[in-house]
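Each chain, written out:
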Amino acid sequence: MPIVQIILAIALVLAVILALSFIAKAQRAAKRVSEDGKVIRFVLTNNQSGLIRLDREHRIVEIDDVACELLDQSRDALLKRSLFAFIGREQLPALGDRNAAVATTNLTLTNGNRHIPCQVIYQVILDQYQQPDGSYLLLKSLAEQLDQGTYLRQAAAVFAHAAEGIVILNGNGRVELVNPAFTTITGFTKDEVIGRTPQFFRYGHIWAELLATGHWQGEIVNTRKSGESYPQWLSLSAVYGADGTAQSYIGLFSDVSRLKKSEDELKHMAHYDALTDLPNRTLLSIQLNMALERAARRSNKLAVFGVDLDGFKTVNDSLGHPAGDLLLQKIAARLRMTLRSEDVVARMGGDEFAMIIENPPSAVHIGHLAEKLIAAVDKPVDLQGSKAHVTASVGIAIYPQDGHDATSLLKAADTAMYASKQAGKNTYRYHDEEMARAADQRMALEQGLRQAQELHQLELCYLPQLDIQSGRVLGVEALVRWHHPELGTIDAVEFATVAEETGLIVSVGEWALRAACGQIQAWTREGLFSGSVSVKVAGLQIERNDFYASVNRALEETGVEPGRLVIEVNEHTLLRNTAHVLAELDRLRNLGVGIVIDDFSIGHASLAYLKNLRVRGIKIHQRFVLGLPADKNNAAITRAIIAMGHSLGFDLIAEGIETKEQEIFLEEEGCAQAQGRLYSKPIPRGEFESWLQARLTAVADARNALADASNGARQP
Ligand SMILES: Nc1nc2c(ncn2[C@@H]2O[C@H](COP(=O)(O)OP(=O)(O)OP(=O)(O)O)[C@@H](O)[C@H]2O)c(=O)[nH]1
């Protein structure tokens, strides 16, 4: 074999051996590299470090998941992008330096608006010619470390400089730490409170909610070191440990006294007139709406007064605006003083005022109030040396007749106020003139009635009560009559309502009782009449006064035998105030005074009351007697009352008998007694005495005639 061939064969064998050994070596290396890679990846992933490989132009050619996550983009979006899309070139000058060793630096990557602080380890890769052929970057986010540090610094700054007081308590509710604002607000230094339990911790409801929900927030009243109380807005949170138990509590609070004061001031400004400090128009409407709701619910009346000063402009013009202001203040105070504290007095603007009177007792009372207001204004006002005199025109609107809502009532009061101005000022007018006339009349009645007793204008009249069968006069009903100097004679029914509304019924009623007893005494002395005298008594009389005592006194003073006095009460009185009324009546009955139920109409009074009260009799209401005997309903009711009266053992007296037919019907049905125009109308004492005399004579004549007739019949 030629030498060349041998050399070639040897070279080939060597080449194969070399190739085989290279392949084996390469396979081993590859295996090691891949195992090393796994280790590296494990370390990197768990260390939260990302790996990027850049090419020579600093474009990303490889990137792992952690780095993708760090840059918040997908791998596809990041591959081939230049690193300088995320870092300013100046930040990594060493990237292109082939001599650069492994280097570590902190820098901030920017991705859109996001800034990512990172620690970067980088290594330039050299090719076989030792030229830079790209680089590896190992990135680790510093955001968390930085956040925690910043957070702590920020929290410390907040704690130190917060305007709110901060208190940190341990799990037992004892103070561990307070901030400077705590001391500023409470006055207590840190040393004075550490280890102590704050006041709020002792409020059961706060503690309970904090335990249940981990949080409580609200307003409490706390006390400063100086002893001053102040409103505090407090927010409490529990801080839980890993075992779920509250390890500490954090309280954050602020002093809201100034806030509340300015809130109150704002509210006051919005609702009160700055000059007079009276409620303004806004508050008046709110209060009127509320008052109307109450009135509607309770079926009460309500009066709205509109008041406008007369001649106020002259004060302004002559004494100046400041004097006008002072006058308004003084008049406002007078108006306020005139009414009760629960009545609303408001300034509507200018020289106009308005008032709300809830549940006025009567129309008469409203008129009185208007007069009082007018009188309060109608006096000179001292304006620092000068004197001024204004008057007031008042308009009155009443719920419900003049309107159901605030707007219409205020408008009605305004209209009425203008009517007062038209009528010459310094007066008042109702919106409803019909009612005004009635109120005026009632007021005249009331004023007159107050003096009627002193002026001896009251008189008793007598309505005879007869036994139907025998025609005997058993008694009389005494009725009050008033001789009014201008209005003439007024019967009790006409002034009864005013007397009840004003309470005058009590004194008039007492007068009637005394007068009746005096009359019984006089008749007894003179031997003119020995029957009973009935007097009507109002519920108010029995409710208000020591009724029994006053009747007893009248009987004792006159020496009248109690059995001759009969008290008439109506059913309503019995139903209204049972316990006291029944007790008083029972005492009188035990004394021997007769009790009769007036105006009895079946179905109203409880029969049980009547039975327990053991009344002497009941009066059948004249409205049932009226249609007898033709009216079938009235006839049936009258029969029922009579039957009931009999079964309870009561006397029965029919009222308002006018015809013989009525008398016959009642007698046939068993009603023994009657009163009414068939026999006599109510007549004064003298007339009654004459009537009685005439009747006795007539009865005696009739008896004599009867006797004569029977004697004649017996003669042969
Ligand atoms: N000083 C003062 N004057 C006011 C105020 N508000 C309104 N005025 C004046 O009060 C006057 C009210 O006018 P009028 O009610 O017409 O005056 P008046 O003289 O009372 O007229 P009559 O009601 O018809 O009697 C006007 O001149 C307003 O300028 C105020 O707050 N202070």
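Residues numbered from 1 in each chain as written. Predicted model: local features only at pLDDT ≥ 70, side-chain atom pairs only at ≥ 80, totals over all residues. Heavy atoms only, no water.

1. A few points about the overall build of the protein chain
Each helix and strand in the protein chain was counted, giving 25 helices and 27 strands. The buried share among the 716 residues of the protein chain stands at 41%. Within the protein chain, counting contacts between residues at least 6 apart in sequence, those at least 24 apart form 57% of the total. Total accessible area on the protein chain stands at roughly 38300 Å², and carbon and sulfur atoms take up 54% of it. (Helix = DSSP H or I, 4+ residues; strand = E, 2+ residues; numbered from the N terminus. Buried < 20%, exposed > 50% of the residue type's maximum accessible area, 1.4 Å probe, protein only. Contact = heavy atoms within 4.5 Å. Areas by Shrake-Rupley, 256 points an atom, 1.4 Å probe, with all protein chains shown as cover.)

2. What about the environment of leucine 575?
Note on placement: leucine 575 falls in helix α19 (residues 571–576). On a C-alpha basis, the gap between leucine 575 and glycine 539 in space is 9.8 Å, while along the polypeptide they are 36 residues apart.

3. Focus: the sheet that holds strand β12 (residues 344–349)
Spatial strand order, β12-β13-β11-β16-β17: 5 strands in an open sheet with mixed pairing. One side of each edge strand has no neighbouring strand; the edge strands of this open sheet are β12 and β17 (428–430). Ignoring which end each strand starts from, the neighbouring axes of this sheet average 20 degrees apart. Pairing analysis gives 5 bridges linking β12 to strand β13 (residues 352–358), with the strands arranged antiparallel. Among the inter-strand pairings, glycine 349 is bridged to a residue of β13, identified as glutamate 352. (Pairing = 2+ DSSP bridges. Axes fitted to C-alpha atoms, helices over the stretch in contact; angles between N-to-C directions.)

4. Here we look at the packing of helix α10 (residues 312–319) against helix α11 (residues 321–338)
At a closest axis distance of 6 Å, the pairing of α10 and α11 adopts a crossing angle of 140 degrees. By the criterion of interaxial angle, the relationship of α10 to α11 is oblique. For the pair α10 and α11, the contacting residues are Phe312, Val315, Asn316 and Leu319 in the first and His321, Ala323, Gly324, Leu327 and Leu328 in the second. Per-class residue counts for the contact of α10 with α11 are 6 nonpolar, 3 polar and no charged. (Parallel < 35°, antiparallel > 145°, perpendicular 65-115°, else oblique. Nonpolar A, V, L, I, M, F, W, Y, C, P; charged D, E, K, R; others polar.)

5. Observations concerning the site of the ligand
In the region of the ligand, 16 residues are neighbours, and Lys313, Asn316, Asp325, Asp351 and Lys421 sit closest. Between the ligand and leucine 309 there is a distance of 3.0 Å, counted from an oxygen atom to a backbone nitrogen or oxygen. Here a nitrogen atom of the ligand sits 2.8 Å away from a polar atom, N or O, in the side chain of asparagine 316. Coverage of the ligand by the protein amounts to 66% of the 650 Å² it exposes when considered alone. Looking at the shell around the ligand, the elements with two or more residues in it are β11 (302–310), α10 and α11. It is α11 that provides the largest number of residues to the shell around the ligand, a total of 4 residues. By residue class, the composition of the shell around the ligand is 3 nonpolar, 5 polar and 8 charged. (Near = heavy atom within 4 Å. Polar contact = N/O pair within 3.5 Å; in protein donor to acceptor, adjacent residues only side chain to side chain.)

6. With respect to helix α23 (residues 632–648)
Taking 1.5 Å of rise per residue, the 17 residues of α23 would be expected to cover 24 Å, and the 24 Å separating its terminal C-alpha atoms lies within 8% of that figure. When we look at burial in α23, the residues that qualify are Asn634, Ala635, Thr638, Ile641, Ile642, Met644 and Gly645. Of the residues flanking the start of α23, the one acting as N-cap is aspartate 631, its side-chain oxygen 3.0 Å from the backbone nitrogen of asparagine 633. Immediately downstream of α23, the backbone of glycine 649 shows phi near 80 degrees, a positive value. (Expected span 1.5 Å × (residues − 1).)

7. Some words on the sheet that holds strand β10 (residues 246–255)
The strand order β7-β6-β10-β9-β8 describes an open sheet built from 5 strands, whose pairing is antiparallel. Looking at the sheet topology across the chains shown, the edges are occupied by β7 (175–178) and β8 (215–223). For this sheet the average axis-to-axis angle between neighbouring strands, irrespective of direction, equals 25 degrees. Judged from the 9 bridges that link them, strand β9 (residues 229–240) and β10 form a sheet pairing that is antiparallel. Within β10, the position partnered with alanine 238 by the bridge is tyrosine 249. In this fold helix α7 (residues 204–213) packs onto β8, β9 and β10, with an angle of close to 160 degrees to the strand it touches most, β8.

8. A look at unusual backbone geometry
With an omega dihedral of 5 degrees, the bond running from tyrosine 399 to proline 400 counts as a cis peptide bond. Inspection of the secondary structure puts proline 400 in the loop between β16 (391–399) and α13 (406–422). Following leucine 628, the chain continues to proline 629 via a peptide bond in cis, the omega torsion being -5 degrees. Among the secondary structure elements, proline 629 is positioned in the loop between α22 (622–625) and α23. A positive phi angle, near 50 degrees, is found at glutamine 384, a position not held by glycine. On the secondary structure map, glutamine 384 appears in the loop between β14 (381–383) and β15 (386–388). Overall, the relative accessible area of 73% leaves glutamine 384 in the exposed class. A positive phi angle, near 65 degrees, is found at lysine 425, a position not held by glycine. Tracing the sequence through the fold places lysine 425 in the loop between α13 and β17.

9. Structural notes on the nonpolar core
By size, the foremost hydrophobic cluster in this structure holds 78 residues, and its most contacted members are Leu565, Ile567, Leu585 and Leu666. In terms of residue count, helix α16 (residues 504–526) provides more of this core than any other element does, 11 residues in total. Listed in part, the 37 residues of the second largest apolar core include Ala303, Leu328, Ala388 and Val390. (Core = buried A, V, L, I, M, F, W, Y, C linked by side-chain atoms within 4.5 Å.)

Any link to function would need more than the numbers given here.
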